[in-house]
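The lines below spell out each chain.
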Amino acid sequence: MSRTIRRKHLLAGLATAGVLGVGIAAPTIAFAADTPTPAPSASSAPAPGAKADRQGEFAEALAKELGVPTDKVTAALEKVREQHRPADRPQRPTGEDRKAALKERLDQAVKDGKLTQEQADAITKAVEAGVFPGAGGHRGWGQHGGPAGTPGK
């Protein structure tokens, strides 16, 4: 009798393991099959002027559709954008502002002995070359405690 009970437990355990295995594997395989593989690109970040280009194309298309001059549509879009900007939302710093803030922080790091002047110059050169996306006028880095002056430490 003991042998029969062990065999039943063994079969029940194997059946449970099989059901769990199929229950976990099936959705995983289905999800993997439905998820498209992204096409490789030269750069994952959009080109610096891509947003401006898209906005210009949108203004041109809207102007054509409405039958009005493009500059009039562009002016109207800017006006609406300014009217709907939250009052408590600060203006985004310009690329020049971010560069000045970076220079200030690097100068302070050199003064504090955390960096040598050569290292600071190398960082500046890397930012200007686009090695650090977001630091040289692109969006993103200042939002996370970078040289735009937002809290990071």
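Presented here is a report on the structure given in the accompanying data block. (Residues numbered from 1 in each chain as written. Predicted model: local features only at pLDDT ≥ 70, side-chain atom pairs only at ≥ 80, totals over all residues. Heavy atoms only, no water.)

**Points about the overall build of the protein chain**
- Per the secondary structure count, the protein chain includes 5 helices and 0 strands.
- In sequence order, the protein chain lays out its α and β elements as α-α-α-α-α.
- Within the protein chain, the proportion of its 153 residues that are buried is 12%.
- Taking contacts inside the protein chain between residues at least 6 apart in sequence as the whole, the part at least 24 apart equals 36%.
- Approximately 12500 Å² of the protein chain is accessible, and the part contributed by carbon and sulfur atoms is 61%. (Helix = DSSP H or I, 4+ residues; strand = E, 2+ residues; numbered from the N terminus. Buried < 20%, exposed > 50% of the residue type's maximum accessible area, 1.4 Å probe, protein only. Contact = heavy atoms within 4.5 Å. Areas by Shrake-Rupley, 256 points an atom, 1.4 Å probe, with all protein chains shown as cover.)

**What about the pattern of salt bridges?**
- Tallying each qualifying case throughout the model produces 2 salt bridges.
- In this structure, the salt-bridge partner of Glu78 is Arg81, at a minimum N-O distance of 2.5 Å. Here Glu78 pairs with Arg81, and both are found in helix α3 (residues 70-83), just 3 residues apart, close to one helical turn.
- The residue Lys103 makes a salt bridge to Asp107 at a minimum N-O spacing of 3.1 Å. Of this pair, Lys103 and Asp107 both sit in helix α4 (residues 95-111), 4 residues apart, roughly one helical turn.
- Judged by relative accessible area, which is 36%, Asp107 ranks as partly exposed. (Salt bridge = Lys/Arg side-chain N within 4 Å of Asp/Glu carboxyl O.)

**Quick word on the packing of helix α2 (residues 50-66) against α3**
- Where α2 contacts α3, the two axes come as close as 8 Å, and the packing angle between them is 120°. The angle between α2 and α3 places the two elements in the oblique class. In this structure, the crossing between α2 and α3 has a hand that is right-handed. Counting all contacts with α2, which are made through Gln55, Phe58, Ala59, Glu60, Leu62 and Ala63, the residues of α3 involved are Thr70, Val73, Thr74, Leu77 and Arg81. (Axes fitted to C-alpha atoms, helices over the stretch in contact; angles between N-to-C directions. Parallel < 35°, antiparallel > 145°, perpendicular 65-115°, else oblique. Left-handed = near helix turned anticlockwise from the far one by under 90°.)

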